[in-house]
Amino acid sequence: MKIFKDKQTLQEEILKNKGISFIPTMGGLHKGHISLIKRSKKLKLKILVSIFINPKQFNKKSDFKSYPRNTKKDIKLLKKLKINYLYIPTYKDIYGFKPKKKVFLDKFSKKLCGKFRKGHFAGVLNVVNRFVEIINPKYIFLGKKDYQQIYLIRRHIEKRKISSKIIECKTIREKNGIACSSRNLNLNKSQTKIASNIFYYLYDLKKRIKKNYSLFKQNKIKNDLITLGAKKVDYIENYDVKSFKKIRGPNKKFNLFFAYYIKDTRLIDNI
Ligand code: AMP
């Protein structure tokens, strides 16, 4: 595994390849990231993982500061997985140039997480646009845990006629049901139990809503989550995962999208 800290040396190396499989991450690697890497191996191209905690997508400084960082451990894991390239850029390497393409921010960026984390998706698209310009990947592997993010990156890629193809990867969960997330590292044992109880409650509720749509009562669900131990619920919404249209009646293809806090840790998921 070769490690790069600047785009010039990275580009000298990767432009020799026919195509790159790219897995962007913010580090704090877990089973979700590993599954993206394993999925990318099937395509037999050189694999490039990036670790960059993008300050522009955090709407609160405290959240950026408390985001889990463990680069040494991450490097060890990536070596074991035998990826080809690891790119750990500095802020200047990413933001010290003007990209050729302008970010396209679909209006869906104002919904769900975008409604509660102002500027979050503009920050995500800004960094993705830059990474794509530097790496020109043939494939980008993204997790469905962040479904809204996938949708918005796809819209940008389509609109700006970028040739990279997105590969959507399924959400990997812990044995207790919670979606693997770097942020889980900030939860203690009893908080983890709360997250697990909330997952099972919503998992079961979704099955019941499928049979009886009138059970989708946002205020009641929010209150139930608070009773289960959430400090605050940002949203609980119901979207068709293909079209990202809101569901207003019985429909088989919807996912429940939710974001809530346990103490200061914000968790998101969709089931
Ligand atoms: P992050 O490091 O949180 O920015 O995530 C990097 C990539 O890993 C994104 O495409 C995420 O959607 C994906 N990812 C994060 N958690 C999971 C998970 N539990 N299952 C599958 N993919 C995930």
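For the structure, see preceding data.
Thresholds applied
- The written sequence of each chain sets the order in which its residues are numbered from 1.
- Under the rules for a predicted model, residues below a pLDDT of 70 receive no local features and side-chain atom pairs below 80 are neither given nor counted, while totals for whole chains, interfaces and linings still include all residues.
- No hydrogens and no water enter the side-chain calculation; it runs on all heavy atoms of the structure.
- Only the stretch in contact is used when a helix axis is fitted, and all axes are lines through C-alpha atoms; the angle between N-to-C directions ranges over 0 to 180 degrees.
- Only runs of H or I of at least four residues qualify as helices and only runs of E of at least two qualify as strands under DSSP, and these elements are numbered from the N terminus.
- Note that the term roughly parallel is reserved for angles under 35 degrees, roughly antiparallel for angles over 145, roughly perpendicular for angles of 65 to 115, and oblique for everything else.
- Note on contacts: a residue pair qualifies if any of its non-hydrogen atoms lie within 4.5 Å across the two residues.
- Note on residue classes: Ala, Val, Leu, Ile, Met, Phe, Trp, Tyr, Cys and Pro are nonpolar, Asp, Glu, Lys and Arg are charged, and everything else, Gly too, is polar.
- For a helix, the expected span equals 1.5 Å multiplied by the number of residues minus one.
- Each residue's exposure class comes from its accessible area (1.4 Å probe, protein chains only) as a fraction of the maximum for that residue type: buried when under 20%, exposed when over 50%, partly exposed otherwise.
- One bridge is not enough; two strands pair if DSSP finds at least two bridges between them.
- Nearness of a residue to a molecule or strand requires only that one of the residue's heavy atoms be within 4 Å of it.
- Here a polar contact means two N or O atoms within 3.5 Å. Within protein one must be a hydrogen donor candidate and the other an acceptor candidate, and residues neighboring in sequence count only if both atoms are side-chain atoms.
- With residues, only the protein chains shown are counted as cover, and all accessible areas are computed by Shrake-Rupley using a 1.4 Å probe.

### Regarding the packing of helix α1 (residues 7-14) against helix α7 (residues 120-135)
And step 1. Where α1 meets α7, the axes come as close as 9 Å, and the angle between the chain directions of the two elements is 50°. In terms of their interaxial angle, α1 and α7 are classed as oblique. Across the interface between the two elements, Lys-7, Leu-10, Gln-11 and Ile-14 from α1 touch Glu-133, Ile-134 and Ile-135 from α7.
And step 2. Looking at the contact of α1 with α7 residue by residue, the classes come out as four nonpolar, one polar and two charged.

### Describing helix α8 (residues 147-159)
And step 1. Helix length check: α8, at 13 residues, gives a terminal C-alpha distance of 18 Å against a target of 18 Å (1.5 Å per residue), a fit within 8%.
And step 2. Tyr-147, Gln-148, Ile-150, Tyr-151, Leu-152, Ile-153, His-156 and Ile-157 are the residues of α8 that are buried.
And step 3. Of the surrounding secondary structure, the elements contacted by the buried residues of α8 are α6 (113-116), α7, β5 (139-143), β6 (165-169), β8 (254-262) and β9 (265-270).
And step 4. Phi turns positive, to about 50°, at Lys-161, one or two residues after α8.

### Quick look at the sheet that holds β9
And step 1. Reading across the sheet, the three strands line up as β7-β8-β9 and stay open at both edges, with antiparallel pairing between neighbours. Unpaired on one side and paired on the other, β7 (232-240) and β9 mark the two borders of the sheet. Neighbour-to-neighbour, the strand axes of this sheet turn through a mean angle of 10°, independent of strand direction.
And step 2. Relative to the sheet, helix α9 (residues 189-211) contacts β7, β8 and β9, its axis offset from that of β8 by approximately 155°.

### Describing the site of the ligand
And step 1. Surveying the vicinity of the ligand reveals 16 residues, the closest of which are Met-26, His-33, Asp-146, Ile-172 and Cys-180.
And step 2. Here an oxygen atom of the ligand and a backbone polar atom of Gly-143 are 3.0 Å apart.
And step 3. At 2.9 Å from a nitrogen atom of the ligand is found a main-chain nitrogen or oxygen belonging to Ile-172.
And step 4. Considering the ligand on its own, with 490 Å² of exposed area, one finds that the protein chains cover 92% of that surface.
And step 5. Secondary structure elements with two or more residues in the shell around the ligand: β2 (20-25), α2 (31-41) and β5.
And step 6. Take the shell around the ligand: its biggest share by element is three residues, from α2.

### A look at the sheet that holds β6
Consider a sheet: its strands pair through backbone hydrogen bonds, and that pairing is either parallel or antiparallel.
And step 1. One open sheet holds the six strands; their spatial order is β1-β4-β3-β2-β5-β6, and the pairing between them is parallel. The open sheet terminates on both sides in strands that have one partner only, identified here as β1 (2-4) and β6. Within this sheet the neighbouring strands show an average axis-to-axis angle of 25°, counted without direction.
And step 2. Here β1 runs beside strand β4 (residues 85-87); their pairing, made up of three bridges, is parallel. By the bridge assignment, Ile-3 is partnered in β4 with Leu-86.
And step 3. Against the sheet, α8 contacts β5 and β6, and its axis sits at roughly 170° relative to β6.

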